[in-house]
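Tertiary structure, described
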Amino acid sequence: MNSGHRFHAQTLHDFIQAIFCQMGSHEQEAQQVADHLIAANLAGHDSHGIGMIPSYIRSYSLGHLQINQHASVVKDAGAIVTLNGNGAFGQVAAHEAMALGIDKAREFGIAAVALHNSHHIGRIGYWAEQCAAAGFVSVHFVNVVGNPMVAPFNGRDSRFGTNPFCVVFPRKNDFPLLLDYATSAIAFGKTRVAWHKGVSVPEGCLIDADGIPTTDPAVMQVSPLGSLLTFAQHKGYALAAMCEIMGGALSGGKTTHQETLQDSADAILNCMTTIIINPELFGAPDCEQQTEAFAGWVKASPHADDAPILLPGEWEVNTRRERLEQGIPLDAGSWQAICEAAQQVGMSEERLQTFRQRLGC
């Protein structure tokens, strides 16, 4: 197995921001992208963190990712608004979409925001947390256009993307309850991380190009490519299908089929339909008390000392605290790929070495 590193979050953030500035992003855009990627690593979701940088740079070089662009309103129907991401960094377009949706929810009590044609919007929980910070519940349906990686239940090849589903419920005196996961058994990025580390993935997550079950992450990285499986067999498949329709078709974007297939795995185009709700407008005066009573009841179930019962989102809270104290772990293969990407966008060897010294490697 490759040896790894641990990096201080803020210093690593400075390096990532510098890479995107070097690529041509304006300072604010580079900061927003770095904010999001570092936050994903801090939350323990390395598949959506800084390991995405080489893919983003390849996507930009191929003309898929459009830097220094913004989402634009296609239709505003009051509580319902549709935006075109214009191929912009998803970290920019999704932030703008959620900010507009939050304003709409303040005005109307409930809002539906559709975003299509955005480059990779990353960890969906980040956008749910943006809504929760404003005091709102949100539900997110997401698809990945034309980049099939997941096989349908009983299928033997890829037909759709990892299609995340996310729900958040804010609490006044504690962390928000957060459900956020890909509808595939594991995220595609986790196969990339495992491949760089030289480790296997759990059983029941992958099939090879012949449709045979495997634990080798190389089948998602090296041709001939295999497929991810959905979680919970037919249940995950059904949810993935609904995310494809709700996220892709309803948003005014596209679904995955023969005519929308991308010619590059780095052309990660997302659509997202989000429902944002003001919980204060429900006739539920005991909502907070009932929520906390349930949380306490669940956590009181007998369990082993080394296997605590966690509420949705609690694992991320704990991981964030740990990584802020101990640093963000990164395997050697991913770190090397990021450094090479920095050089590809023109970062000088001298500046790269300065960052390496600051990061202690």
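So, a few notes on the structure that sits alongside this text. (Residues numbered from 1 in each chain as written. Predicted model: local features only at pLDDT ≥ 70, side-chain atom pairs only at ≥ 80, totals over all residues. Heavy atoms only, no water.)

On to unusual backbone geometry, then. For the peptide bond that leads from Ser223 to Pro224, omega is 0°, which places it in the cis range. The topology assignment puts Pro224 in the loop between β9 (213-214) and β10 (227-228). Despite not being glycine, Ala232 shows a phi value in the positive range, around 55°. Owing to a relative accessible area of 41%, Ala232 belongs among the partly exposed residues under this scheme. (Helix = DSSP H or I, 4+ residues; strand = E, 2+ residues; numbered from the N terminus. Buried < 20%, exposed > 50% of the residue type's maximum accessible area, 1.4 Å probe, protein only.)

Bringing the sheet that holds β9 into the picture now. Hydrogen bonds between backbone groups are what pair the strands of a sheet, and the pairing can be parallel or antiparallel. The sheet built from 3 strands is open, its strands ordered β9-β8-β10 with antiparallel pairing. Only two strands of the sheet have a single partner each, and these edge strands are β9 and β10. With 2 bridges joining them, strand β8 (residues 206-207) and β9 adopt antiparallel strand pairing. When the bridges of β9 are listed, Ile207 appears paired with Pro213. (Pairing = 2+ DSSP bridges.)

So, about the pattern of salt bridges. Within this structure, the stated rule accounts for 13 salt bridges. Residue Asp157 is joined to Arg159 by a salt bridge in which the shortest nitrogen-to-oxygen separation is 3.0 Å. Residue classification places Asp157 among the partly exposed residues on the basis of a relative accessible area of 36%. Through salt bridges that share partners, Arg123, Glu129, Asp180 and Arg320 make up one connected network. (Salt bridge = Lys/Arg side-chain N within 4 Å of Asp/Glu carboxyl O.)

Treat this as a map of the structure, not an account of what it does.
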